[in-house]
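# Summary of structural features
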Amino acid sequence: MAGKQLPSSSLARARAASPRGLLAAAVLLLLLLLAASYSLLLSPSSPGGLASPSSGPGSAADTAFLASLDRFLASPRRSAPPAAAPGDLDAAIRAEEEERLYGGGAWPAAPAPLRVYVYEMPSRFTYDLLRLFRDSYRETSNLTSNGSPVHRLVEQHSIDYWLWADLIAPESQRLLKNVIRVRRQEEADIFYVPFFTTISYFLLEKQECKALYREALKWVTDQPAWQRSEGRDHVIPVHHPWSFKSVRRFVKKAIWLLPDMDSTGNWYKPGQVYLEKDVILPYVPNVDLCDSKCVSETQSRRSTLLFFRGRLRRNAGGKIRSKLVTELKDAEGIIIEEGTAGADGKAAAQNGMRKSLFCLNPAGDTPSSARLFDAIVSGCIPVIVSDELELPFEGILDYRKIALFVSSNDAVQPGWLVKYLRSIDAKRIRQMQSNLLKYSRHFLYSSPARPLGPEDLTWRMIAGKLVNIKLHIRRSQRVVRESRSICSVPNPVMIETLYSDCMTPNVKEQDVL
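Calculation criteria
Residues numbered from 1 in each chain as written. Predicted model: local features only at pLDDT ≥ 70, side-chain atom pairs only at ≥ 80, totals over all residues. Heavy atoms only, no water. Helix = DSSP H or I, 4+ residues; strand = E, 2+ residues; numbered from the N terminus. Buried < 20%, exposed > 50% of the residue type's maximum accessible area, 1.4 Å probe, protein only. Contact = heavy atoms within 4.5 Å. Areas by Shrake-Rupley, 256 points an atom, 1.4 Å probe, with all protein chains shown as cover. Core = buried A, V, L, I, M, F, W, Y, C linked by side-chain atoms within 4.5 Å. Disulfide = S-S within 2.5 Å. Axes fitted to C-alpha atoms, helices over the stretch in contact; angles between N-to-C directions. Parallel < 35°, antiparallel > 145°, perpendicular 65-115°, else oblique. Left-handed = near helix turned anticlockwise from the far one by under 90°. pLDDT = per-residue confidence, 0-100. Expected span 1.5 Å × (residues − 1). Arc of directions from axis to C-beta. Pairing = 2+ DSSP bridges. Polar contact = N/O pair within 3.5 Å; in protein donor to acceptor, adjacent residues only side chain to side chain. Phe/Tyr/Trp six-rings, centres within 6.5 Å; stacked < 30°, edge-to-face > 60°. Lys NZ or Arg CZ within 6 Å of the ring centre and 35° of its normal. Salt bridge = Lys/Arg side-chain N within 4 Å of Asp/Glu carboxyl O. Right-handed = clockwise from strand over helix to strand, strands pointing away.

### Looking at the overall build of the chain
Looking only at helices and strands, the chain features 22 helices and 11 strands. Burial status across the chain gives 47% buried among its 513 residues. In the chain, once contacts between residues fewer than 6 apart in sequence are set aside, the share between residues at least 24 apart is 70%. A total of about 25000 Å² of accessible surface is found on the chain, and carbon and sulfur atoms cover 55% of it.

Below, the structure written as structure tokens:
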């Protein structure tokens, strides 16, 4: 923004004014120039400027993955080497906890920021993989077996980047106050492992990826904090269901950041994932946010009753899609289309969602689908047909306010779904659309991470597990081997599934897995 110019009449008066008047005019002009410079510095569009914390949730400068990644990699390394772990880490942690418990009387009654220790892993696990993604992004011919662009899949599951970039940013640039980074391990509640498991899976050769997984596993499990807790207080992002798969069994006690919890056994083995320890995170939306202005402009143009654009045939739980296509393909007011990749496919999906009242969200190969979050940020009421779906942050968010849940059996009954959707009154539709606009902020990753954004809600969910995590760490430290056969739970395999603290000596790991 340029500085304001004084009118010519004002300049004439200034020439005839006294020295005191000239001084006042000079001071005023200087203040205007300073104000203009400050505005330019804070403007999100200025080169090198910082985005204003008050920028709206749909600001492209904040939420665009590639733009954020370019700025991140171009900036200086953000952290100094952390302090080494104490010789007796467990004793240091106990001393720290007792100080908080008995020192001021505020803990644990008063909420306190979650304290996260971020491991300084070698660059081959972090920066090198981010650069590999950025430098090879334009190779759009690199596709998966089902035709999906590899780099788009990585971007869709890039939760590991957004969380890490915020955690290691200078504290003066961070907006989240409920989570802080600590430099000493004994101060930490949680340990974050910044390994980019999805990038390595998709962009490295198979054997190279497996070797890197083994290296990362050894690096992490050699850490004193991991050995103390067996990983129970460690956070590992494994957001794509194929990522880190070859070594998962060795880290199953850690907190996993997941897209869902598939119950078919195709993606996760029994005992690896469960809500008591893990956190479900939303996919990064494929389409742009339909903000309040967009919602207002599209309100009168939402003439399609139900819209779906995507892969019409999937495996496992996604087989419901072909049944729904058969049932709905000739229904009036319903659009069912095969999806396509690239910019044209994105535009078609985005336009279709913005012209529709309801968006169909059947299960994919896993119970979840990125299409749910596309619908939410498009102002299109999701109709969820996925009986096994677990939703992000459901301990905080009430999805009944923004989505309709339909059983698979009901959805495929002739005429049932169309009749049900037409029976929903206009008042309820308007209320759900209004709620979608409010809820969209919870599903937009950004840098810096914003209060009530997905990064914020992730740490809130983990903080809610903290007391239980500490309970099982302490319990595992004091339980003697002989007592593991007399746990007061009838099924030893279920005990392993829950917390891996109790296990009869004659039950082998392969029997559980």
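Next comes the rest of the description.
### Describing the nonpolar core
In this structure, F195 and F358 are the most contacted members of the largest nonpolar core, which totals 117 residues. With 7 residues, helix α8 (residues 159–167) is the largest single contributor of residues to this core. Residue contacts for F195: discarding those within four places in its chain leaves M121, F125, L129, D160, S200, L212, Y213, A216, P237 and F244. Among the nonpolar cores identified, the runner-up in size contains 5 residues, and F307, M353, C359 and C380 belong to it.

### Details of the state of the cysteines
Applying the stated criterion across every chain, the model contains 2 disulfides. One disulfide in the model links C290 with C294; its S-S distance is 1.9 Å. Residues C290 and C294 are joined by a disulfide whose S-S torsion is about -90 degrees; by sign, that bridge is left-handed. Across the disulfide from C359 sits C380; the S-S distance is 2.1 Å. Between C359 and C380 the sulfur-sulfur dihedral comes to about 105 degrees; the bridge is accordingly right-handed.

### As for the packing of helix α4 (residues 65–74) against α8
Two elements in contact, α4 and α8, have axes separated by 12 Å at closest approach and are oriented at 40 degrees. When the interaxial angle is binned, α4 and α8 end up oblique. For the crossing formed where α4 meets α8, the hand is left-handed. Of the residues in α8, those touching α4 at F65, S68, L69 and F72 are Y161, W162, W164 and A165.

### Things to note about the confidence of the model for the chain
Looking at the chain, the pLDDT average stands at 80 and 74% of residues meet or exceed 70. The model gives residues 1–19 a pLDDT under 50, and that stretch makes 8 contacts with residues more than four places away or in other chains. With pLDDT under 50 throughout, residues 105–110 is counted as low confidence; its partners more than four residues away or in other chains account for 3 contacts.

### Remarks on helix α18 (residues 426–439)
Here α18 contains 14 residues, and its C-alpha end-to-end distance of 20 Å stays within 8% of the 20 Å for a straight helix at 1.5 Å per residue. Residues I429, M432, Q433, N435, L436 and Y439 constitute the buried set of α18. Buried residues of α18, seen end-on, are gathered within an arc of 160 degrees and therefore sit on one face of the element. For α18, the exposed residues set more than 90 degrees away from the buried face come down to K427, R430 and K438. Where α18 is buried, its residues touch β9 (356–362), α15 (371–377), β10 (381–385) and β11 (404–405).

### Here's the deal with the sheet that holds strand β7 (residues 304–310)
One open sheet accounts for 5 strands, arranged β8-β7-β9-β10-β11; its pairing is parallel. Every interior strand has two partners, whereas the edge strands, β8 (334–338) and β11, have only one. In this sheet, β10 lies alongside β9 in parallel orientation, the contact comprising 5 bridges. Note that in β10 the partner of F358 across the bridge is I381.

### Things to note about the side chain of Q223
Its place among the elements puts Q223 in the loop between α10 (206–221) and α11 (224–229). At a separation of 2.8 Å, a polar atom in the side chain of Q223 contacts the main-chain carbonyl oxygen of W219.

### Quick notes on the packing of aromatic side chains
This model, assessed by the stated rule, comprises 26 aromatic pairs. Among the aromatic residues, ring-to-ring pairing joins F65, F72, Y127, F133, Y137, Y161, W162, W164 and F196 into one connected group. Across the ring face of Y274, the terminal group of K277 is positioned such that the distance to the ring centre comes to 5.3 Å.

### Topic: the pattern of salt bridges
In this structure the tally under the stated criterion is 21 salt bridges. E297 is paired through a salt bridge with K293; the nearest N and O atoms lie 2.6 Å apart. Highlighted residues: E297 and K293, both in helix α12 (residues 292–298), separated by 4 residues, approximately one helical turn. Assessed through its relative accessible area of 40%, E297 is described here as partly exposed. In the salt-bridge network here, residues are joined through shared partners; they are D90, R228 and D233.

### Some thoughts on the pairing of β10
Across a regular strand the side chains alternate sides, sitting on one face of the sheet and then on the other. Taking burial as the measure, the 5 residues of β10 include 5 buried ones, the bulk of the element. Along β10, one buried face is formed by I381, V383 and V385 and the opposite face, lined by P382 and I384, is buried too. In this region the chain leaves β9, passes through α15 and returns to the parallel neighbour β10; the handedness of that crossover is right-handed. Summarising the sheet, β10 and β11 pair through 2 bridges and their orientation is parallel. Residue V383 lies in a different strand from β11, and its bridge partner there is L404.

### Focus: the sheet that holds strand β5 (residues 255–258)
Strand order in the open sheet formed by 6 strands is β2-β1-β3-β4-β5-β6, with parallel pairing between adjacent strands. In this open sheet, the two edge strands, each paired with only one partner strand, are β2 (179–182) and β6 (279–280). Pairing geometry for β5 and β6, over 2 bridges, is parallel. Across the sheet, the residue bridging to L257 is V279, located in β6. Across the sheet, α8 is in contact with β1 (114–118), β2, β3 (190–192), β4 (234–237) and β5; its angle to β3 comes to roughly 115 degrees. Across the sheet, helix α19 (residues 454–464) touches β1, β2, β3, β4, β5 and β6, and the angle it forms with β1 is around 105 degrees.

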